[in-house]
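Examination of the molecular architecture
Letter by letter, the chains look like this.
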Amino acid sequence: MRGTILNYDIRNGEGIISGNDEKRYSFKGASFGSEGAFLKNGAVVDFDVQGDEALSIFIVPGSGQTPAGNLFEEVGGKSKTAAGILALFLGGLGIHKFYLGYTRAGLIMLLVSVLGCILVLPPVIIGLIAFIEGVIYLTKSDEDFYWVYVQNRKEWF
């Protein structure tokens, strides 16, 4: 059967599809093919039905839905561009870590920078780490950034 994704929340992996038969079907993220993590609301999909649940869900080729799309508008607003710019300009204070939800790593960077001002070298090292992370964030593809830093929560480099 064909239908349209009405609502898909990647964080909990659940959503609703409106089928061409005008019924609604719930689904779990595990029901998707390999492209499932990148589906957006409004994507046209093909799926099997079992009761009121959609199974074996795939994007319909040529429906105008790309697998990656603009993923970060859908996933809590974690943009690689914002993270990269924060890392480049305020990275010594760990602001980009706080932005990505890495509170522990952000606190480490902030404390080393503030408390290490007397020794000069620690803040320079933290600034260099932040600069490298900013460049990495900005040069990764949207998919790579999502999988490494949002989904798998890799805190450093």
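Here the residue numbers are simple positions, counted from 1 along each chain's written sequence. It should be noted that, the model being predicted, local features are given only for residues of pLDDT at least 70 and side-chain atom pairs only at 80 or more, the latter also being counted only at that level, while totals for whole chains, interfaces and linings use all residues. Excluding hydrogens and water, the side-chain values take into account all heavy atoms of the structure.

Let me state the cut-off plainly: UniProt positions are given in the numbering used here, feature names are shortened, and annotations may be inferred rather than shown by experiment.
Named according to an unreviewed UniProt entry, the protein is TM2 domain-containing protein originating from Bombella apis. Per UniProt, the protein carries the Subcellular location (unreviewed entry) text "Membrane".

1. Focus on unusual backbone geometry
As a reminder, the rule being used: Secondary structure elements follow DSSP: runs of H or I no shorter than four residues count as helices, runs of E no shorter than two count as strands, and numbering proceeds from the N terminus. Relative accessibility decides the category of a residue: with a 1.4 Å probe and only protein chains considered, values under 20% of the type maximum give buried, values over 50% give exposed, and everything between is partly exposed.
Non-glycine residue Glu22 carries a positive phi angle of around 70 degrees. The topology assignment puts Glu22 in the loop between strand E2 (14-19) and strand E3 (24-28). A positive phi angle is found at Val120, which is not glycine, with a value near 70 degrees. You can see Val120 is positioned in the loop between helix H3 (103-115) and helix H4 (121-139). Overall, the relative accessible area of 51% leaves Val120 in the exposed class.

2. A word on the pairing of strand E1 (residues 2-9)
Let me state the cut-off plainly: For two strands to count as paired, DSSP must find a minimum of two bridges between them.
The pairing of E1 with strand E4 (residues 44-50) spans three bridges and is classified as antiparallel. When the bridges of E4 are listed, Gly3 appears paired with Val45. Inspection of the sheet shows E1 paired to E2 by six bridges, in the antiparallel sense. In the sheet register, Thr4 faces E2, and the bridge partner there is Ser18.

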